[in-house]
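# Results of the structural survey
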Amino acid sequence: MNVDYTLYLCTDSGLMSSETVEQSVEKAILGGASVVQLREKAASSRELFELAGRVKQVTDRYGVPLIINDRLDICLAVGAAGVHLGQSDLPCAEARRILGTDKLIGVSAATPEEAAKAQADGADYLGVGAVFTTSTKTNTRPVSVETIRAIRGAVSIPFVVIGGVNAENIRKLYGLGINGAAVISAVIAQPDITAAAKTMRQAAEML
């Protein structure tokens, strides 16, 4: 699957300026979001399933892949493009065994060792961070520019940076071989989501 990771949007209904997750996703896509990850930690399984179905109608309309955070069952139930796994979630190798070869699997990594293992276990891409301080996750591990360089040297698969990334500070990461920026509040918490996504997309295209 050929995926454009330039602007990777993660949802968070607690931060969004829109009425619904579907609206925030559509507005972000109109501004240039190229991948959408449904990340709603507080939702019940039923709520997440129903929300994923509604969001997938939007992403399908624009030909944008939908990734489900953590939940292989929801991914399979709604026919999403793939899942994203943290270091404490189901191991990537097991997820690959269950999902087969036609689903995307992303893995969070903060060290070259984690990155190399994820690639060996069948990951399609990595989420590397936290590159800057972030308010949306409290248990993050900081990742330096040196670590990003080391991760780029350790793997051949694409990776996006996550963690407090915005259109200003992303400039500090230019030239490191990064494939895209994963954002939450820099886009969906802004009054004009589409305009914020356009600005972020232009900045991320310089990576």
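See above for the structure.
Residues numbered from 1 in each chain as written. Predicted model: local features only at pLDDT ≥ 70, side-chain atom pairs only at ≥ 80, totals over all residues. Heavy atoms only, no water.

Further remarks concern the nonpolar core. Formed by 74 residues in total, the largest nonpolar core has its most connected members in Leu126, Ile148 and Met200. When residues no more than four places from it in sequence are discounted, the contact partners of Ile148 are Val128, Val131, Val143, Phe159, Val161, Leu173, Leu176 and Ile178. (Core = buried A, V, L, I, M, F, W, Y, C linked by side-chain atoms within 4.5 Å. Buried < 20%, exposed > 50% of the residue type's maximum accessible area, 1.4 Å probe, protein only. Contact = heavy atoms within 4.5 Å.)

Let's shift gears to the packing of helix H1 (residues 21-30) against helix H8 (residues 193-204). Between H1 and H8, the least distance of the axes is 7 Å, while the angle of their chain directions is 45°. With respect to their mutual orientation, H1 and H8 come out oblique. As H1 packs across H8, the resulting crossing turns out to be right-handed. Within the contact between the two elements, H1 uses Ser24, Lys27, Ala28 and Leu30 and H8 uses Ile193, Thr194, Ala197 and Lys198. For the contact of H1 with H8, the class distribution of residues is 4 nonpolar, 2 polar and 2 charged. (Axes fitted to C-alpha atoms, helices over the stretch in contact; angles between N-to-C directions. Helix = DSSP H or I, 4+ residues; strand = E, 2+ residues; numbered from the N terminus. Parallel < 35°, antiparallel > 145°, perpendicular 65-115°, else oblique. Left-handed = near helix turned anticlockwise from the far one by under 90°. Nonpolar A, V, L, I, M, F, W, Y, C, P; charged D, E, K, R; others polar.)

In this section: H8. Across its 12 residues, H8 extends 16 Å between first and last C-alpha, which sits within 8% of the 16 Å expected from 1.5 Å per residue. Of all the positions in H8, only Ile193, Thr194, Ala196, Ala197, Met200, Arg201, Ala203 and Ala204 are classed as buried. Those residues of H8 that are buried lie in contact with strand E1 (7-10), H1, strand E8 (180-183) and helix H7 (185-188). Where H8 begins, the capping side chain belongs to Asp192, and its oxygen is found 3.3 Å from the backbone nitrogen of Thr194. (Expected span 1.5 Å × (residues − 1). Polar contact = N/O pair within 3.5 Å; in protein donor to acceptor, adjacent residues only side chain to side chain.)

Attention shifts here to the environment of Leu30. For Leu30, the location among the structural elements is in helix H1. Since its relative accessible area comes to 48%, Leu30 is described here as partly exposed. Non-local contacts of Leu30, meaning those with residues more than four positions away in its chain, are made with Tyr62, Thr194 and Lys198.

So, on to the pairing of strand E2 (residues 35-38). The alternating pattern of E2 places Val35 and Gln37 and Val36 and Leu38 on opposite faces, both of which are buried. Pairing geometry for E1 and E2, over 3 bridges, is parallel. Its bridge partner being in E2, Cys10 is matched across the sheet by Gln37. Note: E2 against strand E3 (residues 66-69), 3 bridges, orientation parallel. Each bridged residue has a counterpart across the sheet, and for Leu38 the counterpart in E3 is Ile68. Each parallel crossover has a hand, and for E2 linked through helix H2 (residues 45-62) to E3 it is right-handed. (Pairing = 2+ DSSP bridges. Right-handed = clockwise from strand over helix to strand, strands pointing away.)

Turning our attention to the pattern of salt bridges. One pass over the structure, following the stated rule, counts 11 salt bridges. The salt bridge involving Glu94 is made with Arg97; its shortest N-O contact spans 2.8 Å. One end of the pair is Glu94 and the other is Arg97, both in helix H4 (residues 92-99) and 3 residues apart, which spans about a single turn. Accessibility expressed as a relative area gives 59% for Arg97, which makes it exposed. Overlapping salt bridges bring together Asp4, Arg201 and Glu205 as one network. (Salt bridge = Lys/Arg side-chain N within 4 Å of Asp/Glu carboxyl O.)

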